[in-house]
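Geometric and topological summary
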Amino acid sequence: MSWLDDVKWDADGLVPVIAQEAHTKDVLMFAYMNREALAETARRGEAVYWSRSRGRLWHKGEESGHIQKVHEIRLDCDADVVLLSVTQLGHEPGIACHTGRHSCFFQVLRDGQWVTVDPVLKDPQRIYG
């Protein structure tokens, strides 16, 4: 898999990844992948990340059921950021955030304060129980 050699991995062997909804172009989340996660994502057609907090591969949706079907994998001009075009599955509308929201980017800076602007679509306690 020589295409993996083209990625500029950081000192920890990771690359930043942005997941963007294919249809709406909403940025859903930011995460990291190691070489194995990126290879597994390409093989499965579903997002697999490297969880720094868990210290292991994390198949998005393995606990919540909110799987990301991958349509396209892109590499930026510096070869150090990956962009996934995904369909967020498991709930309508799709939930990508562990807080039960559509996107992890649900806060906006207004007048020097972070303001939550997107609703919780499903209580995280009901997702992760």
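So, a few notes on the structure that sits alongside this text. From a predicted model like this one, the values you see are computed outputs, not experimental measurements. (Residues numbered from 1 in each chain as written. Predicted model: local features only at pLDDT ≥ 70, side-chain atom pairs only at ≥ 80, totals over all residues. Heavy atoms only, no water.)

**Section: the overall build of the chain**
This is how the line gets drawn: Each helix is a run of H or I in the DSSP string that is no shorter than four residues. Each strand is a run of E no shorter than two, and both are numbered from the N terminus. Based on C-alpha atoms, the radius of gyration is set beside the globule rule, defined as 2.2 Å times the residue count to the power 0.38. A simple rule labels every residue: compare its accessible area, found with a 1.4 Å probe on the protein chains alone, to the largest value its type can have, and call it buried under 20%, exposed over 50%, or partly exposed in between. Two residues form a contact once any of their heavy atoms are found within 4.5 Å. Here, Shrake-Rupley sampling with a 1.4 Å probe gives the accessible areas, and only protein chains in the shown set may cover a residue.
For the chain, the count of helices and strands is two helices and eight strands. The order of α-helices and β-strands along the chain, N terminus first, is β-β-α-β-β-β-β-β-β-α. Computed over C-alpha atoms, the radius of gyration of the chain comes to 15 Å, within 12% of the 14 Å expected from 2.2 N^0.38 for 129 residues, which places it in the range of a compact globule. Counting only C-alpha atoms and orienting by the principal axes, one finds that the chain spans roughly 40 × 35 × 30 Å. By residue count, 37% of the 129 residues in the chain fall in the buried class. Considering only intrachain contacts with a sequence separation of at least 6, the fraction spanning at least 24 residues in the chain is 42%. Surface summary for the chain: the accessible area is close to 7,700 Å², and the carbon and sulfur share equals 49%.

**Re the side chain of Ser-51**
We count it as follows: Identification of polar contacts relies on pairs of N or O atoms within 3.5 Å, with a donor-acceptor requirement for protein atoms, meaning one able to donate a hydrogen and the other able to accept it, and with residues adjacent in sequence counted only if both atoms are side-chain atoms.
Mapped onto the elements, Ser-51 comes out in strand E3 (residues 48–51). Within polar-contact distance, the side chain of Ser-51 engages the side chain of Ser-53 at 3.3 Å. Setting aside chain neighbours within four positions, we find Ser-51 in contact with Arg-56 and Trp-58.

**A word on the pairing of strand E2 (residues 27–33)**
Rules: Paired strands, as defined in this entry, are two strands with at least two bridges between them according to DSSP.
Counted residue by residue, E2 has five buried out of seven residues, so it is predominantly covered. Hairpin connection between strand E1 (residues 15–21) and E2: a loop of five residues separates the two successive antiparallel strands, and Lys-25 in this loop has a positive phi of roughly 70 degrees.

**Observations regarding the packing of aromatic side chains**
Rules: Two aromatic rings from Phe, Tyr or Trp, using only the six-membered ring of Trp, form a pair when their centres are within 6.5 Å; if the ring planes differ by under 30 degrees the pair is stacked, by over 60 it is edge-to-face, and anything between is tilted. Only when the NZ atom of a Lys or the CZ atom of an Arg is both within 6 Å of the ring centre and within 35 degrees of the ring normal do we say a charge sits over the ring.
All chains considered together, the criterion is met by two aromatic pairs. Seen in terms of ring centroids, Phe-30 and Tyr-32 are 5.2 Å apart; in terms of plane orientation they differ by 80 degrees. Their pairing is edge-to-face. With relative accessibility at 42%, the residue Phe-30 sits in the partly exposed group. The buried category is assigned to Tyr-32, whose relative accessible area is 18%. Ring centres of Tyr-49 and Trp-58 lie 5.4 Å apart, and the angle between their planes is 40 degrees; on these two criteria the pair is classed as tilted. Across the pair, exposure class does not vary: Tyr-49 and Trp-58 are buried alike. Sitting over the face of the ring of Phe-106, Arg-101 holds its NZ or CZ atom 4.0 Å from the ring centroid.

**A closer look at the pattern of salt bridges**
What counts here: One speaks of a salt bridge when a side-chain nitrogen belonging to Lys or Arg is within 4 Å of a carboxyl oxygen belonging to Asp or Glu.
Per the stated rule, a full pass over the model turns up six salt bridges. Here Glu-63 and Arg-54 are joined by a salt bridge, their closest N and O atoms 3.8 Å apart. In this structure Arg-54 comes out as partly exposed when scored by relative accessible area, which is 37%. Taking the shortest distance from any N to any O, the salt bridge between Arg-56 and Glu-62 comes out at 2.8 Å. The network of salt bridges with shared partners includes Glu-40, Arg-43 and Arg-44.

**Focus: the layout of surface pockets**
This is how it is decided: Every definition here rests on a 1 Å grid over the protein atoms only: cavities are sets of points where a 1.4 Å probe fits but cannot get out, pockets are open sets enclosed by protein on both sides within 12 Å along at least five of seven lines, and lining residues have some atom within 4 Å of a point. Grid points are joined across faces, edges and corners, and a volume is the space filled by probe spheres set on the points. Here the nonpolar group is Ala, Val, Leu, Ile, Met, Phe, Trp, Tyr, Cys and Pro; Asp, Glu, Lys and Arg are the charged ones; every other residue, Gly included, is treated as polar.
Taken as a whole, the largest pocket spans an internal volume of roughly 490 Å³. As for the largest pocket, its lining consists of 22 residues, and the residues nearest its centre are Met-29, Phe-30, Ala-31, Trp-58 and His-98. Within the residue set of the lining of the largest pocket, elements represented by two or more residues are E2 and E3. Tallied by class, the residues present in the lining of the largest pocket amount to 12 nonpolar, five polar and five charged.

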